[in-house]
Amino acid sequence: MSAHAFAVDDQLERCPFMPTYAPPQVLFVRGSGTQLWDDTGLRYLDFLCGLGVTSLGHAHPEITAAVARQAETLVHVSNLFATRPAAGLASTLDRLLGGGGQVFFANSGAEANECAIKLARRWGGGQHGRWQVISAYGSFHGRTMAALAATGQPTKHEPFQPLPPGFRHVAWGDVDAVAGAVDDTVAAVLVEPVQGEGGVVPAPPGYLAGLRELCSDLGLLLILDEVQTGLGRTGRWFGFHHDLPRGAQPDVVTLAKALGNGVPIGACWARSEVAASFRPGDHGTTYGGQPLAAAAALAVLGVMERDGLPARADAAGRRLRKGLESLPAVASVRGRGLLLAAELNPGLDARDVQAKLLSRGLVTNAVTPTAIRLCPPLTVTDDEIDEALAVMAQVLQ
Ligand SMILES: Cc1ncc(COP(=O)(O)O)c(C=O)c1O
């Protein structure tokens with residue numbers, strides 16, 4: 001691939017977006033599978049997937065058809081009424097998660113976590129019972145106020161204090177640290193199977209199983225945030241499938257990102273006994289689970305199941321990992337399946353490397369100042385992996 005010269009037009013520079021993101025470097029106009037094209041016609045390989053979202057690649061024909069069909073049929077009626085796509089999606093998700101649960105649909109990962117946090121408070125009896133949530137340093141659970149409070153990154157809290165009370169943070173990967181933070185006000189433990197935004201750091205062996213045991217012994221809820229790891233990304237259907245004994249379930253699982261392949265949708269699943277703590281009127285959303293998003297998500301799960309994409313992510317992830325490990329400028333590779341981070345040799349700046357990769361047509365991101373995250377679609381081909389590795393080799397030379 002030749003070096004791309006960026007040409008984001010002036011109109012974009014003057015566009016009245018709030019300054020919550022750094023100014024964009026590229027204007028994308030079209031995508032197909034793993035490929036993206038910018039407004040000057042240059043082609044890119046997308047190894048970021050819009051932050052772990054487009055697991056089936058861009059413009060997947062079956063998802064496009066499902067969305068178009070649903071758009072012609074029924075887009076929205078609110079949750080005061082039933083629709084078939086939402087009902088079908090809830091049943092499918094419950095089956096994939098092992099059964100025996102119920103689902104609330106939201107519109108994003110943060111909202112799915114808000115639902116889990118409210119459910120934990122309702123289940124625990126609220127302020128006169130158990131209401132606090134323990135999460136890990138380095139975690140990321142979203143940007144809304146409670147999800148932000150749960151997020152274990154004090155620098156993200158700083159500008160928005162005071163945040164809602166009821167959140168305790170402990171060292172990541174340490175079951176004893178969680179046990180030490182429990183008292184009779186604690187209702188739940190909330191963790192990611194792989195800390196994604198925190199740097200792609202997998203749970204150490206035995207951590208989730210240890211938390212499952214601890215939560216069962218102490219009568220706490222184990223909430224797993226699978227917003228980034230869920231739906232095949234790690235090489236199994238859910239991140240916890242690597243860590244919990246066969247048949248063991250978390251009490252609550254939150255999902256979003258890959259669920260709609262880019263159509264916004266989130267979900268909070270809970271074991272039925274836990275979900276039963278909610279009463280009509282306790283929680284809600286105007287859009288959550290509306291037929292358009294639910295039809296997209298149903299089509300996504302259908303394609304993933306039919307094509308065995310979790311297993312494909314496992315095989316493709318091995319190829320990508322092996323290739324990354326062979327690059328002299330890469331000190332180590334971490335992650336699972338197709339959620340990987342390449343830790344660069346000392347002295348290399350990940351933001352600088354990411355910008356150079358982008359200029360050579362490879363979309364990634366600097367997940368820490370020293371590591372590049374790679375999370376291509378689960379449908380990525382071996383040739384595309386090799387092409388991406390060749391770009392990395394060139395840039396890191
Ligand atoms: C593990 C995890 N939880 C929650 C979120 C928040 O999701 P959203 O940005 O859809 O609100 C993210 C987003 O990156 C995430 O990685």
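Here, the structure is the one placed above.
What comes next is a walk through the structure. (Residues numbered from 1 in each chain as written. Predicted model: local features only at pLDDT ≥ 70, side-chain atom pairs only at ≥ 80, totals over all residues. Heavy atoms only, no water.)

**Section: the overall build of the protein**
Move 1: Assigned secondary structure in the protein consists of 14 helices and 17 strands.
Move 2: Counting only C-alpha atoms and orienting by the principal axes, one finds that the protein spans roughly 60 × 50 × 45 Å.
Move 3: Looking at the protein as a whole, 53% of its 397 residues are labelled buried.
Move 4: A sequence separation of at least 24 residues applies to 70% of the contacts in the protein between residues at least 6 apart.
Move 5: Within the protein, one finds 32 positive and 38 negative side-chain charges whose respective centroids are separated by 2 Å. (Helix = DSSP H or I, 4+ residues; strand = E, 2+ residues; numbered from the N terminus. Buried < 20%, exposed > 50% of the residue type's maximum accessible area, 1.4 Å probe, protein only. Contact = heavy atoms within 4.5 Å. Lys, Arg positive; Asp, Glu negative; His and termini not counted. Charge placed at Lys NZ, Arg CZ, Asp CG, Glu CD.)

**Regarding the site of the ligand**
Move 1: In the neighbourhood of the ligand, 13 residues make up the surrounding shell, with G109, A110, D225, Q228 and K257 lying closest.
Move 2: Within the contact set of the ligand, a nitrogen atom lies 2.7 Å away from a side-chain nitrogen or oxygen of D225.
Move 3: With respect to the ligand, the side chain of K257 contributes an N or O atom lying 3.0 Å from an oxygen atom.
Move 4: Burial of the ligand by the protein chains amounts to 81% of its free accessible area of 390 Å².
Move 5: Residue composition of the shell around the ligand, by class: three nonpolar, six polar and four charged. (Near = heavy atom within 4 Å. Polar contact = N/O pair within 3.5 Å; in protein donor to acceptor, adjacent residues only side chain to side chain. Areas by Shrake-Rupley, 256 points an atom, 1.4 Å probe, with all protein chains shown as cover. Nonpolar A, V, L, I, M, F, W, Y, C, P; charged D, E, K, R; others polar.)

**Topic: the sheet that holds strand β2 (residues 35–38)**
Move 1: Across the sheet, four strands lie side by side as β1-β2-β3-β15; this open sheet has mixed pairing. Each edge of the open sheet is held by one strand with a lone partner, namely β1 (28–32) and β15 (362–363).
Move 2: Relative to β15, strand β3 (residues 43–46) runs parallel, the two being bridged by two bridges. Its bridge partner being in β15, D46 is matched across the sheet by V363.
Move 3: On the sheet, helix α14 (residues 382–395) packs against β3 and β15 and is oriented at approximately 105 degrees with respect to β3. (Pairing = 2+ DSSP bridges. Axes fitted to C-alpha atoms, helices over the stretch in contact; angles between N-to-C directions.)

None of the figures reported here should be taken as evidence of function without further support.
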